[in-house]
Amino acid sequence: MKSSKSYKERFDKRGWEECRPMTAKVGIIPEADGSAMFQVGNTKALAAVYGPRDLHPKFMQNPKTGILRVNYNMMPFSGHGERVRPGGSRRSKELGLVIENSLMPVLNLKEYPNSVVDVFIELPQTDAGTRCAGIVAASMALAHAGLEMTDMVAAVAVGKVGGQLVVDLTYDEEAYDGEGGATDLPVAVLPNSGKVTLLQMDGGVSREDLKEAVEMAKRASMQIYDLQKKALKESFTEVQK
Amino acid sequence: MNKEHLLSYLEKGIRYDGRKLNEYRDIKIEYDVSKSAEGSAQVSFGSTIMIAGVKMAVQKPYEDMPDAGTLMVNAELLPLSSPEFETGPPGIYAVELARVVDRGIRESHAIDTHKLCIEAGESVWSVSIDVCSINAHGGLIDASSLAALAALKDARMPAYKDKVVDYGNKTDQSVPMEKEPIAVTVFKIDKYLIVDPIPEEEKFADARLTITVTKDNVICSLQKGGAVALTVDEIDSMVALAIEKAPELRSKL
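Draft legend 1. Quick peek at the overall build of chain A. The secondary structure content of chain A amounts to 4 helices and 9 strands. Going residue by residue from the N terminus, the α and β elements of chain A occur as β-β-β-β-α-β-α-β-β-α-β-β-α. Against the globule reference of 18 Å for 241 residues, chain A gives a C-alpha radius of gyration of 18 Å, in line with a compact fold. Overall size of chain A, expressed as C-alpha extent along the three principal axes, is 55 × 40 × 35 Å. Each of the 241 residues in chain A was classed as buried or not, and the buried ones make up 53%. At a minimum sequence separation of 6, the contacts of chain A that also span at least 24 residues come to 69%. Within the structure as shown, chain A displays about 11300 Å² of accessible surface, and the carbon and sulfur contribution to it stands at 50%. Treating the 30 positive side-chain charges of chain A as one cloud and the 31 negative ones as another, the clouds have centres 2 Å apart.

Draft legend 2. Broad picture of the packing of helix H1 (residues 90–103) of chain A against helix H2 (residues 130–144) of chain A. Residues and elements named next belong to chain A. Interhelical geometry of H1 versus H2 gives an angle of 45 degrees and a closest axis separation of 10 Å. Taken together, the axis directions place H1 and H2 in an arrangement best described as oblique. In the packing of H1 onto H2, the handedness of the crossing is right-handed. In this structure, H1 uses Arg91, Leu95, Ile99, Ser102 and Leu103 to contact H2, whose residues at the interface are Thr130, Arg131, Ile135, Ala138, Ser139 and Leu142.

Draft legend 3. Examining the nonpolar core more closely. Ranked by size, the top nonpolar core spans 60 residues in total, and within it B:Ile105 and B:Ile129 carry the most contacts. Ranked by residues supplied to this core, first place goes to helix H3 (residues 140–154) of chain B with 10 residues. Sequence-distant contacts of B:Ile129, that is, excluding residues within four places in its chain, are made with B:Gly53, B:Val54, B:Leu71, B:Met72, B:Val73, B:Asn74, B:Ile105, B:Ala148 and B:Leu152. A:Val26, A:Ile121, A:Val156 and A:Ala157 belong to the second-largest nonpolar core, a separate cluster that totals 58 residues.

Draft legend 4. Quick look at the environment of A:Asp151. Residues and elements named next belong to chain A. Position of aspartate 151 among the secondary structure elements: in the loop between H2 and strand E6 (154–161). The class for aspartate 151 is buried, based on a relative accessible area of 8%. Linking aspartate 151 and leucine 55, residues 96 residues apart in sequence, is a C-alpha distance of 25 Å. Residues in contact with aspartate 151, not counting those within four places in the same chain, are Val106, Leu190, Pro191, Asn192 and Ser193.

Draft legend 5. Highlighting the sheet that holds strand E7 (residues 164–167) of chain A. Residues and elements named next belong to chain A. Spatially, the 4 strands line up as an open sheet ordered E7-E6-E8-E9, and their pairing is antiparallel. With one partner strand each, in any of the chains shown, E7 and strand E9 (196–199) form the two edges of the open sheet. Mean inter-strand twist for the sheet, computed between neighbouring axes without regard to direction, equals 25 degrees. Alignment of E6 against E7, held across 4 bridges, turns out to be antiparallel. If you follow lysine 160 over to E7, its bridge partner there is leucine 165. Packing against the sheet, H2 makes contact with E6, strand E8 (182–189) and E9, and its axis sits at approximately 160 degrees to E6.

Draft legend 6. Up close: the sheet that holds strand E1 (residues 22–26) of chain A. All names here are of chain A. The 5 strands are arranged E1-E2-E3-E5-E4 in an open sheet whose pairing can be described as mixed. Lying at the two open borders of the sheet, with one neighbouring strand each, are E1 and strand E4 (67–74). Between one strand axis and the next, the sheet turns by 15 degrees as a mean value, whatever way the strands run. Relative to strand E2 (residues 34–40), E1 is paired through 5 bridges, and the arrangement is antiparallel. Paired with valine 26 across the bridge in E2 is alanine 36. Against the sheet, H1 contacts E4 and strand E5 (115–125), and its axis sits at roughly 140 degrees relative to E4. H2 contacts E1, E2, strand E3 (43–54), E4 and E5 of the sheet and is inclined by roughly 150 degrees relative to E2.

Draft legend 7. Representation of the packing of aromatic side chains within the structure. Inspection of every chain in the model, using the stated rule, returns 8 aromatic pairs over all chains. When the centroid spacing of 5.8 Å and the interplanar angle of 65 degrees are considered together, the rings of B:Trp125 and B:Tyr160 count as edge-to-face. With a gap of 35 residues between them, B:Trp125 in strand E6 (residues 123–135) and B:Tyr160 in strand E7 (residues 156–161) connect regions that are remote in the sequence. Taking the relative accessible area as the measure of exposure, B:Trp125 reaches 7% and is therefore buried. Given the relative accessible area of 28%, B:Tyr160 is considered partly exposed. An aromatic cluster is defined as three or more aromatic residues linked by ring pairs; in this entry it consists of A:Tyr7, A:Phe11, A:Trp16 and A:Tyr176.

Draft legend 8. Molecular detail of the pairing of E6(B). Residues and elements named next belong to chain B. Counting buried positions along E6 yields 13 of 13 residues, so the element is predominantly enclosed. As paired strands, strand E3 (residues 48–59) and E6 are joined by 11 bridges and run antiparallel to one another. Looking across to E6, one finds that methionine 50 is bridged to serine 133. As judged from the 7 bridges shared by strand E4 (residues 70–76) and E6, these two strands associate in the parallel manner. The residue bridging asparagine 74 from the neighbouring strand is aspartate 130, located in E6. Judged from the 2 bridges that link them, strand E5 (residues 117–119) and E6 form a sheet pairing that is antiparallel. Along E6, the bridge assignment pairs glutamate 119 with serine 123. Linking E5 to E6, which pair antiparallel, is a turn of 3 residues; within it glycine 121 sits at a positive phi near 80 degrees.

Cut-offs and rules
Residues numbered from 1 in each chain as written. Chains lettered and ligands numbered in written order. Predicted model: local features only at pLDDT ≥ 70, side-chain atom pairs only at ≥ 80, totals over all residues. Heavy atoms only, no water. Helix = DSSP H or I, 4+ residues; strand = E, 2+ residues; numbered from the N terminus. Rg over C-alpha atoms; globule rule 2.2 N^0.38 Å. Buried < 20%, exposed > 50% of the residue type's maximum accessible area, 1.4 Å probe, protein only. Contact = heavy atoms within 4.5 Å. Areas by Shrake-Rupley, 256 points an atom, 1.4 Å probe, with all protein chains shown as cover. Lys, Arg positive; Asp, Glu negative; His and termini not counted. Charge placed at Lys NZ, Arg CZ, Asp CG, Glu CD. Axes fitted to C-alpha atoms, helices over the stretch in contact; angles between N-to-C directions. Parallel < 35°, antiparallel > 145°, perpendicular 65-115°, else oblique. Left-handed = near helix turned anticlockwise from the far one by under 90°. Core = buried A, V, L, I, M, F, W, Y, C linked by side-chain atoms within 4.5 Å. Pairing = 2+ DSSP bridges. Phe/Tyr/Trp six-rings, centres within 6.5 Å; stacked < 30°, edge-to-face > 60°.

Treat this as a map of the structure, not an account of what it does.
Below is the structure:
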């Protein structure tokens, strides 16, 4: 693989390891048992948690444990170009599954047999990194719902654009068509153990690059984790007032 | 909470949350809440939050209206917004909600669709409005209608060149708006008429009537809900209340 870099400066002038501006807020949906919003740049994710509650249809119930069910959805006007037809797609189904797997390792649902914890992720506006933003919001919403968790889950997309490793890609970077192209690598990390719970990739990188990219994701995750903790603490001080 | 208790309050002219019978909760409108949309707005009535987004596209006109742009309204009662809502295709209440909002905009001629014509018989702009619930706690029809209108007012047309829509490039051209139709839904509980109910009140309502009115008090669409009959006098009182409240909602835009 050639080491030359065609991507000399990021489109939005950020540092290679710099995330876009981030905001997090917990408790945005009073009807839900737990809820949160996470925005990174122009990507905004809302998450609501309902449950543990009765699971229907009944044949899905597991008498040994509660189950987690994640629904990922882009609002019809949230896409980069034309309207996104509502009602879900193959992509949104797959993302629901991989997000579910990214959150499951921190939960203990054994106490809630035959029940379900529903997580709904909605995106009102997007500029890449939506599954990661959804995971960050969902993790806060689960904690806000008071569920037993062994860690938070932080997530960020890293990747290689024009030969350069970068953190938190925008849509323009994902679509980079200069020499070296673009590789997109969403990663979810458990901040306290450093373990990885979501790992996907589209593009092409070497073994060394992959290792370095994941390390970059871990470093960025610590920053996201701090923001998650801060937003959760703020939500609880508001209750005390 | 039971109906007798609720009625004993309404008798005194007061609601559970301290409001008067004809009083809305605090109404807030925030514009440009989704940069992905051509226009967007978030409307809150107390804790109820609705978000509306406008997407535009270029399409072939309908054969019977070769020089008119098209309008579509869709509503999503997201399971994120209430424990009552489920995933899956829109239920009957979401379909009704979308159609009531649609008719208010369409029948009032809020949009001058002829100005959305690019080339008669060949290409016209289509305007799609999607309304999504973020927190559903009553008053959804009126909040949705206001959000749709606010999103339309916020919208800027994307650039269109060589038969391609350039979504990344918004012009400063607005959607051609002619009217501001406002939906006011009046609920009848026993002999009392209220607006903007919370779910506890909605549960005991006998009937509702959504009245959409323009600035010059033309009634442009109606929708009766609920399985209890209304007298002509009741309908007239409901319309009067809608005409009284509509300017208040319009002033929030």
